[in-house]
Amino acid sequence: MAAGIRDKQTGPHLELDAVFEVGSHQSRVERQNPLSCPAGQAAFDAAQVALKRMLNFNVPPVKNSTGEPVWKVLIYDRFGQDIISPLLSVKELRDMGITLHLLLHSDRDAIPDVPAVYFVMPTEENIDRMCQDLRNQLYESYYLNFISAISRSKLEDIANAAIGANAVSQVAKVFDQYLNFITLEDDMFVLCNQNKELVSYRAINRPDITDTEMETIMDTIVDSLFCFFVTLGSSGSSVSICYLTEPNAEYCISPFPEVAESVQQELESYRAQEDEVKRLKSIMGIEGEDEGAISMLSDNTAKLTSAVSSLPELLEKKRLIDLHTNVATAVLEHIKSRKLDVYFEYEEKIMSKSTLDKSLLDMISDPDGSQFVMEGVKNLVLKQQNLPVTRILDNLMEMKSNPETDDYRYFDPKMLRGSDSSVPRNKNPFQEAIVFIVGGGNYIEYQNLIDYIKGKQGKHVLYGCSELFNATQFIKQVDFLKLVMEE
């Protein structure tokens with residue numbers, strides 16, 4: 001929201017403030033202690049707190065309140081739905097007094113005695129529908145919350161509609177929420193699910209893209225990132241670093257997980273317990289499993305009694321092991337049929353700079369596959385190694401000198417403006433980091449970062465991306481770009 005509107009300055013802005021109350025949750029965030037808790041927890045909690053405040057008519061909800069909430073209707077668009085879904089369950093919405101939640105552009109009946117909380121993007125289409133709601137007098141009062149900042153012209157459209165419908169007094173509040181991002185995990189966020197093709201890897205790397213189109217894409221990304229930082233409240237932080245990068249051809253596909261090794265360990269444990277039962281029964285001269293016979297033995301047989309009584313549990317454990325073994329076997333068959341073992345072995349040798357016995361083409365053409373897969377399923381477990389995005393992060397957080405990151409641009413908001421080469425770099429390692437992938441990210445990079453940070457006590461990382469895709473979706477975008485370039 002423009003400062004003039006939010007701060008109620010004199011002049012033309014005063015006319016809008018006289019129509020209805022205008023505000024922003026940014027003022028609340030600015031009063032918080034930035035990053036007073038771990039970055040991941042702060043991101044998820046900050047977004048959730050902002051939503052709960054919004055649903056409570058932009059007033060902080062009272063904890064442990066025994067009173068009945070004010071019953072209300074929640075109206076959102078697809079963007080708002082995507083933002084709310086990972087943060088609040090239906091039960092939590094009901095606890096906040098939400099009796100009904102509906103899409104803005106659905107057919108909605110009038111409920112004239114209930115207040116409505118709107119949570120939408122400030123698009124032309126949405127503004128028109130909200131103005132229509134005002135004219136149709138659908139609700140008792142209207143609390144208008146915009147996912148990102150609404151322009152003055154659109155705000156004036158709402159004001160004119162309210163005046164025309166004689167509903168000025170019903171528009172209780174208008175707020176910019178700065179929540180134009182989706183929090184998927186405690187330490188992971190994505191910009192959007194709707195219209196994600198507009199900021200996709202394919203859109204950014206089109207050979208015929210114009211400067212105007214690129215500026216539009218960057219403005220969209222910057223707007224969402226600004227919303228994220230406002231909500232996180234990290235504008236004053238002195239210990240966090242943010243670096244932006246983009247996906248490249250080193251995109252990794254997850255190998256066969258560690259299920260095989262776990263299954264083998266569980267199976268060996270089961271067999272050891274089963275063998276112990278058989279050994280004890282043999283020593284005691286008991287061939288059957290008659291509980292009566294066992295109970296007649298002396299106290300020296302207590303160990304045997306305990307072992308035999310655990311047989312039902314062991315049998316259930318064996319059943320579960322068999323299920324996992326069947327799944328592992330089925331996956332292994334797919335690995336062999338698609339020769340994933342060949343690619344995996346070849347990748348491992350390239351990454352470790354080992355000598356290749358034969359070319360990739362010869363390996364693929366080998367009808368017998370590779371010796372790698374014949375050594376057992378557990379050999380397909382990936383060795384722990386840092387992906388490019390994690391290596392870059394390590395260099396930046398630890399202030400390491402490395403050709404891979406030495407030419408990265410460095411900006412410090414606390415320094416006076418000047419060329420980045422004249423800005424003295426921070427000498428101390430960073431404790432907080434925000435990694436953002438322009439063009440799309442994936443869970444493999446995210447998990448690799450999480451595994452890396454587990455070994456770094458006191459450090460926290462947030463991972464974000466303009467969109468989230470898997471390997472197949474990424475390859476489709478690359479193939480599309482290839483076709484465009486060949487035309």
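Placed above this text is the structure.
None of these values were measured; they are calculated from a predicted model.

Turning to the packing of aromatic side chains, a few remarks are in order. Considering all chains together, one arrives at 14 aromatic pairs under this definition. Centre to centre, the rings of Y178 and F226 are 5.7 Å apart; their planes meet at 75 degrees, and the pair counts as edge-to-face. Placement of the pair is Y178 in the loop between strand 6 (171-176) and strand 7 (182-185) and F226 in helix 10 (residues 211-232), with a sequence separation of 48 residues. Residue classification places F226 among the partly exposed residues on the basis of a relative accessible area of 40%. Seen in terms of ring centroids, F228 and F229 are 5.7 Å apart; in terms of plane orientation they differ by 70 degrees. Their pairing is edge-to-face. Under the relative-accessibility criterion, F229 is labelled partly exposed at 25%. Taken together, F181, F189, F228, F229 and F436 form an aromatic cluster joined through their ring pairs.

Before going further, it helps to spend a moment on the environment of N160. Tracing the backbone through its elements, the reader meets N160 in helix 8 (residues 152-164). Assessed through its relative accessible area of 52%, N160 is described here as exposed. As a C-alpha pair, N160 and C131 span 29 residues in sequence and 8.8 Å in three-dimensional space.

Bringing the pattern of salt bridges into the picture now. With the rule as written, the count across this model stands at ten salt bridges. Across the pair R108 and D133 runs a salt bridge whose closest N-O atoms are separated by 2.8 Å. You can see R108 sitting in the loop between strand 3 (98-103) and strand 4 (116-120) and its partner D133 sitting in helix 7 (residues 124-136), a full 25 residues away along the chain. Take R108 and D133: they sit in the same class, and that class is buried. Residue D133 pairs with R129 through a salt bridge whose shortest N-O separation is 3.9 Å. In this pair, D133 and R129 both sit in helix 7, four residues apart, roughly one turn of the helix.

Running from N to C, helix 7 and helix 8 point in directions that differ by 15 degrees, and their axes come no closer than 9 Å. With respect to helix 8, the element helix 7 is oriented roughly parallel. As for how helix 7 packs across helix 8, the hand of that crossing is right-handed. Contact residues: E124, I127, C131, L134 and R135 in helix 7; K154, D157, I158, A161 and A162 in helix 8. When grouped by side-chain class, the residues that make up the contact of helix 7 with helix 8 number six nonpolar, no polar and four charged.

Turning our attention to a negative patch on the surface. Judged by side-chain charge, E124, E125, D128 and D157 come together as a negatively charged surface patch. Broken down by element, the negative patch gets its largest block of residues, three residues, from helix 7. Within the fold, E124 resides in helix 7.

All right, on to helix 20 (residues 471-486) then. Over its 16 residues, helix 20 runs 23 Å from end to end, which matches the ideal 22 Å to within 8%, given 1.5 Å per residue. Looking at where helix 20 begins, the residue whose side-chain oxygen comes 3.2 Å from the main-chain nitrogen of T472 is N470.

Our next topic: the pairing of strand 5 (residues 142-146). Counting buried positions along strand 5 yields five of five residues, so the element is predominantly enclosed. Side-chain alternation along strand 5 places Y142, L144 and F146 on one buried face and Y143 and N145 on a second face that is also buried. The sheet contact formed by strand 4 and strand 5 spans five bridges and is parallel. Looking at strand 5, one finds that V120 is bridged to F146.

Moving on, we come to unusual backbone geometry. Not every positive phi belongs to a glycine, and F57 is a case in point at roughly 60 degrees. Its relative accessible area of 13% is what places F57 among the buried residues. With a phi angle near 55 degrees, M399 is a residue other than glycine that sits in the positive phi range. Summarising the element assignment, M399 is placed in the loop between helix 18 (388-397) and strand 10 (432-437). Accessibility expressed as a relative area gives 29% for M399, which makes it partly exposed.

On to helix 10, then. The end-to-end C-alpha separation of helix 10 is 31 Å, in line with the 32 Å expected for 22 residues at 1.5 Å each. Buried residues of helix 10: I217, I221, S224, L225, C227, F228, V230, T231 and L232, and no others. Of the residues one or two after helix 10, G233 is the one with positive phi, at around 75 degrees.

Rules behind the numbers
- Residues numbered from 1 in each chain as written.
- Predicted model: local features only at pLDDT ≥ 70, side-chain atom pairs only at ≥ 80, totals over all residues.
- Heavy atoms only, no water.
- Phe/Tyr/Trp six-rings, centres within 6.5 Å; stacked < 30°, edge-to-face > 60°.
- Helix = DSSP H or I, 4+ residues; strand = E, 2+ residues; numbered from the N terminus.
- Buried < 20%, exposed > 50% of the residue type's maximum accessible area, 1.4 Å probe, protein only.
- Salt bridge = Lys/Arg side-chain N within 4 Å of Asp/Glu carboxyl O.
- Axes fitted to C-alpha atoms, helices over the stretch in contact; angles between N-to-C directions.
- Parallel < 35°, antiparallel > 145°, perpendicular 65-115°, else oblique.
- Left-handed = near helix turned anticlockwise from the far one by under 90°.
- Contact = heavy atoms within 4.5 Å.
- Nonpolar A, V, L, I, M, F, W, Y, C, P; charged D, E, K, R; others polar.
- Patch = residues over 30% accessible without salt bridge, like charges linked within 9 Å, V, L, I, M, F, W, Y side chains within 5 Å.
- Areas by Shrake-Rupley, 256 points an atom, 1.4 Å probe, with all protein chains shown as cover.
- Lys, Arg positive; Asp, Glu negative; His and termini not counted.
- Charge placed at Lys NZ, Arg CZ, Asp CG, Glu CD.
- Expected span 1.5 Å × (residues − 1).
- Polar contact = N/O pair within 3.5 Å; in protein donor to acceptor, adjacent residues only side chain to side chain.
- Pairing = 2+ DSSP bridges.

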